[in-house]
Each structure stands twice: as structure tokens, then as C-alpha cells.
Amino acid sequence: MMRRNPPKPDAHLCTPLDGGSLAKAGRDPLHRLADRIKADSRITVLTGAGVSAASGIPTFRGPDGLWKNFRPEELATPEAFERDPRLVWEWYDWRRQFIARCKPNRAHEVLALWSQRYPKFTLITQNVDGLHERADTANVVRFHGSIWEVLCWNGCAASPKRWRDETVPFPKIPPHCPHCGGLIRPGVVWFGEGIDPVVLSCSQDALDCDIFLSIGTSSIVQPAASLIHGADANGAFTVEINVETTAAASYLDLSIQSPAEKTLEEVENLLGGLGKKNR
Ligand code: BJW
């Protein structure tokens, strides 16, 4: 169990500035973040659906998050799949088609740049869309799996544990296992299912960091939402970038209330200035 520190009294909440650049406001939160990032910083980033919002992918709990009036909690469970695999696969097939047409945005690109620049960088993503990988991000930990992987629902002996399948759309819904003819399921983590132990262990290791950035997640879904508390307990400087404040806000050193794609670009611009002596 992770220790939770009390809320930080000196946490800095930054709200959006009217029409202007956040970075123009003097020693603002963006400078505070940029000042922290050094060439040898151990940086861990946790991303959620908000990072892919600017790519056009609906978030889970935002206004466009509903699919045919179903909430994700009603579809992303083994029970829902057991009950109605066709319905659940229709949702995933629709999302796969949608995601296949989307491109990484500036938030993915800046994080990819940092993953290549800073040797002690880990990106833990709750997103299953694969956009971090498509942006060439190094050291990605896929906390909730991948929508581009599938598993045999029966766990048949003839099939690999999981495999990549980028068929879009599937010619037949629900799709079947090429090895045993039974159903296949998406290679994602549903409610009530445990996180892969290797993934959990890599994520726990990455909590030993200097800077922990939580970006574009509502910090509602466990155990991902607890990762920031683990980093905090390890003494990391904790930062949230989100268009709204979340449940994690009172545990943060810095809360930047602004879109990820804009904020990361501005921080990167600040680092570009510092970068010459920093790298
Ligand atoms: C922007 C932006 C912009 C917009 N810039 N920001 C403890 C307490 C209570 C409950 C639990 C608990 N522990 C476990 C549970 C149960 C459950 C849970 O957490 N339930 C909650 C709903 C309360 N957790 C689980 O069941 C987990 N399993 C588990 O714990 O198992 C225990 C176990 C152990 C051992 C053996 C067996 C069992 C599994 C959770 C799996 C979650 N799966 C999903 C679906 C993945 C597949 C798929 O994609 O279909 O993961 S659900 C969905 O939520 C998805 C996401 O990764 C996840 C998180 O959502 P995210 O990314 O935060 O999205 P949103 O929409 O919520 O937020 C977007 C944010 O972006 C918003 O804040 C916006 O403001 C912001 N934003 N535009 C910056 N431009």
C-alpha cells in the first residue's frame, strides 16, 4: 500500500490565462516545471485520454465519451463480454477504425522528444490507442494494454498469449481465434481485471523519480490513479497538466490547468532556450 502524504500547502494552481501564453507571465508554473527538468532528471510521465483528445479521440468521461448511450464502465468488463461479445466488439471495432485515422498530436510529439533526450525517462500510459508509440516514444509502459492486440478468450493452447492484429474493420463481428475457432477479445485491461504483474513492477520502479507528470487523466481509475501518490512518497516533484482539476490536485506540487498539447509545447520552448547549456 502506498503512503499518502498530506495535501501540499504550497501547491501552485495555475489557471488558464485569457487568450495569452502561460509562459509570458514571468516566473510562472511553466518556468517552474522547465527549471526542474535537467539533463539527468529521472522523469516519469503518466498519461490518460486527455493527451489524445487533440488527436480527435474522445475521452472516456468527457461529453463525447458515450458510445450509443453506453458508459465505458458498462462495456469494458469481462462480464459485458461474456454477456454480449458482439456489442463489446462493435464498440472496439468502431474505436479501432476511428483511432486508425488519427495522428499523434503535439503532446505526443513533445513527450517522444523527451523520451529520446532524457536517458532516465519512463512514460506510463493508460491509453490503449498506440499514439505514443506512433510518435516514436521510447520506454513506454502500457498500463491498460493495447487495442491493437488480441487474446484467445478461451486461452487455447495453440495460440500465443496475445498477438497483434491491426485488421480494420474486422470482416466478422465478433472475430474468432485463428487457432481454435473460439472468440478472441481485445488485449486491454477491463474493470475487475488485474494489471499485468510485469507492467505493474515496471511502473512501481519508475515511481523512484525526480519529476512525476500526470497528464490528461481524470485520476479516477485505480490502480493508475495511485501512482502519483507513490511518486510523491518517494519525494518526486509532482505535476498535473489537465484542462480541469482532478482528484489528485491536493497532492500536487504544481497543477497546470491548460491543454496538454499547448502546455507541453510551451515547456519544450522554454527548454529549448535552456537546452543549450542543459544538454
Ligand atoms: C485534457 C485534455 C487536454 C481533456 N489536455 N487534459 C479502489 C477504489 C475504487 C475502485 C477501485 C479501486 N481499485 C480498483 C477499483 C475498481 C476499478 C476502478 O478504478 N474503478 C473506478 C471507476 C472507481 N479498477 C479496476 O477494476 C482495475 N483493476 C483492478 O484494480 O483490479 C484489481 C485486481 C487485482 C488482482 C486481480 C484481479 C483484480 C482495472 C481498471 C481498468 C480500466 N480500464 C479502462 C478501459 C481500458 C480498455 C479500453 O480503452 O477500452 O481504461 S477504463 C478507462 O478509464 C480506460 C482508461 O485508461 C481509464 C482512465 O481514464 P482516463 O484516461 O483518466 O480518461 P478520462 O476520460 O477519465 O479523463 C480524461 C481527462 O483528460 C479529464 O480529466 C479531462 O479533463 C482531461 N482532458 N482534454 C489535458 N487537451
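Conventions and cut-offs
Residues numbered from 1 in each chain as written. Predicted model: local features only at pLDDT ≥ 70, side-chain atom pairs only at ≥ 80, totals over all residues. Near = placed C-beta within 6 Å. Helix = DSSP H or I, 4+ residues; strand = E, 2+ residues; numbered from the N terminus. Nonpolar A, V, L, I, M, F, W, Y, C, P; charged D, E, K, R; others polar. Domains from an automatic or database assignment. Contact = placed C-beta atoms within 7 Å. Buried ≥ 20, exposed ≤ 12 C-beta atoms within 10 Å, placed from the backbone. Pairing = 2+ DSSP bridges.

A. Broad picture of the site of the ligand. The immediate surroundings of the ligand are formed by 37 residues, with Gly48, Gly50, Gln126, Gly194 and Ser218 found nearest. Only β9 (237–242) and α9 (260–278) provide two or more residues apiece to the shell around the ligand. Here the shell around the ligand is built from residues that sort into 18 nonpolar, 15 polar and four charged. Counting only domains with at least three residues in the shell around the ligand, you end up with domain 1 (1–55 + 105–144 + 196–279) and domain 2 (58–101 + 147–188).

B. Local environment of the environment of Ala249. Its place among the elements puts Ala249 in the loop between β9 and β10 (254–257). For the pair formed by Ala249 and Ser219, sequence separation is 30 residues and the distance between their alpha carbons is 9.3 Å. With residues up to four places along the chain from it excluded, the contact list for Ala249 reads Glu240 and Ser255.

C. Inspection of the pairing of strand β3 (residues 121–125) at higher detail. Burial of β3 is extensive: five of the five residues sit out of reach of the surface. Side chains Phe121, Leu123 and Thr125 of β3 all project onto a buried face; the interleaved residues Thr122 and Ile124 project onto the opposite face, where all are buried too. Both strand β2 (residues 43–47) and β3 contribute to a ladder of five bridges, which runs parallel. Bridge pairing in β3 places Leu46 opposite Ile124. In this sheet, strand β4 (residues 140–142) lies alongside β3 in parallel orientation, the contact comprising three bridges.

D. Seen up close, the sheet that holds strand β6 (residues 163–164). Across the sheet, three strands lie side by side as β6-β5-β7; this open sheet has antiparallel pairing. Two strands bound the open sheet, and with one partner strand each, they are β6 and β7 (184–188). Relative to β6, strand β5 (residues 145–152) runs antiparallel, the two being bridged by two bridges. When the bridges of β6 are listed, Glu149 appears paired with Arg164.

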